[in-house]
Amino acid sequence: CSTSPPSEVPSRISFAEAQQRWKQLRKGMSQTEVRRLLGDPGETNERMFGRRTASPWLGKEWVYKWRFEGEERELDVVFQRVGDFWMLNHWGWV
């Protein structure tokens, strides 16, 4: 039995794996680090966050979706631009 080196992007992970791995997310992670942990997102979007604040900001949202027990489960992961990089700002289950 062989294991993938940590530098490889995992193939689509299961909902059970996602429930464990999302706990390893940390604010400030790079897109590469998140991709290594969760794999490629099913959807990506750019949109404004913080519109009700004095400092709205453009973010990148990665959306991961699973079907579990007949319901759709979604994990949204949001990156904010910090200098020349996109860094993890926040995430949550929808």
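Quantities reported herein were computed from a predicted structural model and do not represent experimental measurements.

J.: Would you mind going over the environment of Pro 56 with me for this structure?
T.: The topology assignment puts Pro 56 in the loop between strand E1 (43-49) and strand E2 (57-68). For Pro 56, a relative accessible area of 41% corresponds to the partly exposed category. When neighbours within four sequence positions are excluded, Pro 56 is seen to be in contact with Met 48, Phe 49, Gly 50 and Arg 51.

J.: Would you explain the side chain of Glu 74 in this entry?
T.: Structurally, Glu 74 can be placed in strand E3 (residues 71-82). Those residues in contact with Glu 74 that sit more than four places away from it in its chain are Val 63, Tyr 64, Lys 65, Gly 92, Trp 93 and Val 94.

J.: Honestly, the sheet that holds E2 in this entry has me stumped. Any pointers?
T.: Picture the strands of a sheet paired through backbone hydrogen bonds; they go either parallel or antiparallel. Read from one edge of the open sheet, four strands run E1-E2-E3-E4, paired in antiparallel fashion. The two strands at the open ends of the sheet, each matched to only one other strand, are E1 and strand E4 (85-93). Within this sheet the neighbouring strands show an average axis-to-axis angle of 30 degrees, counted without direction. Two elements, E2 and E3, share 10 bridges in a ladder whose sense is antiparallel.

J.: Is there a simple way to explain the packing of aromatic side chains in this structure?
T.: The geometry of an aromatic ring pair is captured by two quantities: the separation of the ring centres and the angle between the planes. Throughout the structure, instances matching the rule amount to eight aromatic pairs. When the ring of Phe 15 is compared with that of Phe 68, the centres are 4.6 Å apart and the planes differ by 35 degrees; the resulting orientation is tilted. Placement of Phe 15 in helix H1 (residues 15-21) and of Phe 68 in strand E2 is noted, with a sequence separation of 53 residues between them. Here Phe 15 falls in the buried class, since its relative accessible area comes to 7%. Among the residues examined, Phe 68 registers a relative accessible area of 31% and is labelled partly exposed. One aromatic cluster in this structure is built from Phe 15, Trp 22, Tyr 64, Trp 66, Phe 68 and Trp 93.

J.: Explain the nonpolar core here, please?
T.: Proteins that are soluble and globular tend to have nonpolar side chains buried together. Counting 16 residues, the largest nonpolar core has Leu 25, Val 34, Leu 38, Tyr 64 and Val 77 as the members making the most contacts within it. Among the elements of the structure, H1, helix H2 (31-38), E2, E3 and E4 are those that each provide at least two residues to this core. Sequence-distant contacts of Leu 25, that is, excluding residues within four places in its chain, are made with Val 34, Leu 37, Leu 38, Val 77, Leu 88 and Trp 91.

J.: Can you walk me through the pairing of E4 in this structure?
T.: Along any regular strand, the residues point their side chains to alternate faces of the sheet. In this structure, E3 lies alongside E4, joined through eight bridges in antiparallel fashion. Paired with Val 78 across the two strands is His 90, which belongs to E4. From the end of E3 to the start of E4, which pair antiparallel, there are two residues, and Gly 83 there has a positive phi angle of about 65 degrees.

J.: What exactly am I supposed to notice about the confidence of the model for the protein chain here?
T.: Interpreting fine coordinate detail is not advised for predicted regions of low pLDDT. Per-residue confidence for the protein chain gives a mean pLDDT of 90, with 88% of residues at or over 70. For residues 1-7, every residue scores under 50 in pLDDT, and the model assigns this stretch two contacts once sequence neighbours within four places are set aside.

Definitions and limits used
Residues numbered from 1 in each chain as written. Predicted model: local features only at pLDDT ≥ 70, side-chain atom pairs only at ≥ 80, totals over all residues. Heavy atoms only, no water. Helix = DSSP H or I, 4+ residues; strand = E, 2+ residues; numbered from the N terminus. Buried < 20%, exposed > 50% of the residue type's maximum accessible area, 1.4 Å probe, protein only. Contact = heavy atoms within 4.5 Å. Pairing = 2+ DSSP bridges. Axes fitted to C-alpha atoms, helices over the stretch in contact; angles between N-to-C directions. Phe/Tyr/Trp six-rings, centres within 6.5 Å; stacked < 30°, edge-to-face > 60°. Core = buried A, V, L, I, M, F, W, Y, C linked by side-chain atoms within 4.5 Å. pLDDT = per-residue confidence, 0-100.

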